[in-house]
Amino acid sequence: MILSPFNVPDLRVGTLDSLLALSDDLLKSNNFVEGVSHKIRRQIEDLEKAGGVESGTLTVDGVPVDSYITRFTWDEAKYPTMSPLREVVDGIHAQIARIEDDLKVRVAEYNNVRGQLNAINRKQSGSLAVRDLSDLVKPDDIIASENLVTLIAVIPKYSQKDWLSSYETLTNFVVPRSSKKLHEDNEYALYTVVLFRRVADNFKTSAREKAFQVRDFEYCPETQQSRKQELEQLIQDQASMRNSLLQWCYTSYGEVFSSWMHFCAVRIFTESILRYGLPPSFLSAVVAPSAKNEKKVRSILESLCGSSANNTFWKAEDDASLAGVGADADAHPYVSFTINFM
C-alpha cells in the first residue's frame, strides 16, 4: 500500500458563498478534466499499437504519473495561491479545453490521411469485381491500335469453362484464342480478350447477359506511376503524422495530468474548508491500498476520524455513479476522492 502526503497549499478562501458555489461546480469540471486525460491516454495506446511501438511509461515532467502524485508540489508560478479559487478552476478548465480542441484537430488530420490510405488498400485488397486492377495488368497484356482493343473481363470461377468456350462468339470480330488469364482470387478470374474496337459495346452487352463483367480499364503508365507515388506519399505522411501526434499526446498528457492534480488540490481544499471550517487545518494524503484491503483501510480511517460533530456536514455526491475524483458511493467521516488514472 502506498501512503504519502499530498501537499495542498494555503489557498485563497474567499467567502463561504463562493466556496459553496464552487463546490457545486467542481465535480462537473473534474469529470471534464479527467475525461480529456483518459481520451489522450487512449489515443496514445491506439497510436502505439498502430505504430508497433512498445508502450512507454506516461510521465509528467519526466516523472511517472504515480510518482508525480506522491511528490505533488503546487506550481505557484502557473497558479498563484493568492488568485481566487474560481479563477484557478476556470483557468484550468480553459487550458484543458484548448488542449482538447487541439487534440480533435490533430486526430482529424491524422484520420483523414489514414482514411485515404485505407481506401486505397481496400481497392487493392477487394475482389476482382471491385478492386483496382492497375497492379495486375501489365503493358504486355494490352494490345491496342486504331482498330483493335483489349477488354478486361471478370469471370466467376465456376464459369471459366463457359467463358473460354463462348467468348469468341459473343459478337463478331473477336480475335480467336486471344483470351488470357491474368489473375484469380477466391471468387473470380481475370481475363483479357482482344477484338475490333467497333464491336466493343456489342461484346460488353452480350457478356453482361451471360454474367461476365467487363471492367472499364485503360492502361496509362503515367497514371500508374502517379498512383504509386501517391500511395508511397500517403504511407510516409501517415507515419510522420502518427509519430508527431504521439509525441504531442505524450507532452499534452503530462500537462493535462498536472493540471488535473492541481484541480484535485483545489477540490480537497474547498471540501475540507466546508467540512472542518476555518482556519485551514487538515492533513491530505495519497492512499493506494490493494483492492482486497480497501475496506480495511477505510475502516481504519473512520476509526481515526472518530465521531466529530463536523462529520455531519459531509454531503454525498449528487451522482455517485460517476468515476473519478469525488465519486465515492458512500459518505465517509473524511473528505475522500478517488483518482482513476489507469
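Residues numbered from 1 in each chain as written. Predicted model: local features only at pLDDT ≥ 70, side-chain atom pairs only at ≥ 80, totals over all residues. Heavy atoms only, no water.

As a further point, take the overall build of the protein. Check the secondary structure of the protein and you find seven helices and eight strands. Its C-alpha atoms give the protein a radius of gyration of 34 Å, more than 25% over the compact-globule value 20 Å for 342 residues. Overall size of the protein, expressed as C-alpha extent along the three principal axes, is 105 × 40 × 35 Å. Out of the 342 residues belonging to the protein, those deemed buried represent 42%. (Helix = DSSP H or I, 4+ residues; strand = E, 2+ residues; numbered from the N terminus. Rg over C-alpha atoms; globule rule 2.2 N^0.38 Å. Buried < 20%, exposed > 50% of the residue type's maximum accessible area, 1.4 Å probe, protein only.)

Given a rise of 1.5 Å per residue, 56 residues ought to cover 82 Å, and the 80 Å separating the end C-alpha atoms of helix α6 (residues 221-276) matches this to within 8%. One or two steps after α6, the chain reaches G277, where phi turns positive at roughly 80°. (Expected span 1.5 Å × (residues − 1).)

Attention shifts here to the environment of D61. Within the secondary structure, D61 sits in the loop between β2 (59-60) and β3 (63-64). Residue D61 is classed as exposed on the basis of its relative accessible area, which comes to 73%.

The next point concerns unusual backbone geometry. Here the amide bond leading from L278 into P279 is cis, since omega sits at -5°, within 30 degrees of zero. Within the fold, P279 resides in the loop between α6 and β8 (285-288). In this model, D61 sits at a positive phi of 55°, which is unusual for a non-glycine residue. Located in the positive-phi region is R177, a residue other than glycine, with phi close to 50°. Counting through the fold element by element, R177 comes out in the loop between α4 (160-166) and β5 (180-184).

Here we take up the packing of aromatic side chains. Considering all chains together, one arrives at twelve aromatic pairs under this definition. Note on Y68 and F72: the rings are 6.1 Å apart at their centroids and 80° apart in plane angle, and the pair reads as edge-to-face. Both residues of the pair, Y68 and F72, belong to the buried class. With centroids separated by 5.6 Å and ring planes inclined at 55°, the aromatic side chains of F173 and F196 adopt a geometry described as tilted. You can see F173 sitting in the loop between α4 and β5 and its partner F196 sitting in strand β6 (residues 188-196), a full 23 residues away along the chain. Judged by its relative accessible area of 31%, F196 is partly exposed. The lysine or arginine in question, R198, covers the ring of F173, its NZ or CZ lying 4.3 Å from the ring centre. If you follow R267 out to its NZ or CZ, it ends over the ring of F337, 4.6 Å from the centre. (Phe/Tyr/Trp six-rings, centres within 6.5 Å; stacked < 30°, edge-to-face > 60°. Lys NZ or Arg CZ within 6 Å of the ring centre and 35° of its normal.)

Another point: the sheet that holds strand β4 (residues 148-156). Pairing is antiparallel in the open sheet, where four strands are placed in the order β5-β6-β4-β7. Since the sheet does not close on itself, it has two edges, and those belong to β5 and β7 (213-215), each with one partner. Here the strands of the sheet are splayed against their neighbours by 35° on average, with no regard to which way each runs. Sheet topology places β4 next to β7; three bridges connect them, and they run antiparallel. Across the sheet, A153 pairs through a bridge with V214, a residue of β7. (Pairing = 2+ DSSP bridges. Axes fitted to C-alpha atoms, helices over the stretch in contact; angles between N-to-C directions.)

Further remarks concern the packing of helix α1 (residues 16-51) against helix α3 (residues 85-125). Relative to each other, α1 and α3 sit at 25°, their axes nearing to 10 Å. One element, α1, and the other, α3, form an angle in the roughly parallel class. The handedness of the crossing between α1 and α3 comes out as left-handed. Classifying every residue of the contact of α1 with α3 by side-chain character gives 19 nonpolar, three polar and four charged. (Parallel < 35°, antiparallel > 145°, perpendicular 65-115°, else oblique. Left-handed = near helix turned anticlockwise from the far one by under 90°. Nonpolar A, V, L, I, M, F, W, Y, C, P; charged D, E, K, R; others polar.)

On the surface, D61, D75, E76 and E255 cluster together into a negatively charged patch. The partly exposed category is assigned to E255, whose relative accessible area is 34%. (Patch = residues over 30% accessible without salt bridge, like charges linked within 9 Å, V, L, I, M, F, W, Y side chains within 5 Å. Areas by Shrake-Rupley, 256 points an atom, 1.4 Å probe, with all protein chains shown as cover. Salt bridge = Lys/Arg side-chain N within 4 Å of Asp/Glu carboxyl O. Lys, Arg positive; Asp, Glu negative; His and termini not counted. Charge placed at Lys NZ, Arg CZ, Asp CG, Glu CD.)

To continue, consider α1. Because each turn of an α-helix spans 3.6 residues, side chains separated by three or four positions end up pointing in the same direction. Taking 1.5 Å of rise per residue, the 36 residues of α1 would be expected to cover 52 Å, and the 52 Å separating its terminal C-alpha atoms lies within 8% of that figure. Bending of α1 peaks at approximately 35° at the position of L26. Following α1 by one or two positions, G52 has its phi on the positive side, about 65°. (Bend = angle between axes of the 7 residues up to and from the residue.)

Looking at the secondary structure, you find Q238 in helix α6. By relative accessible area, Q238 is classed as buried at 14%. In contact with Q238, other than residues within four places in its own chain, are Y110, V113, R114 and L117. (Contact = heavy atoms within 4.5 Å.)

A few words now on the pattern of salt bridges. This structure, assessed with the given rule, holds twelve salt bridges. A salt bridge links K181 to E184; the shortest N-O distance between them is 2.7 Å. When its relative accessible area of 41% is taken as the criterion, K181 is described as partly exposed. Judged by its relative accessible area of 33%, E184 falls in the partly exposed class. The structure contains a network of salt bridges with shared partners spanning D25, R86 and D90.

These figures come from the coordinates and say nothing about function on their own.
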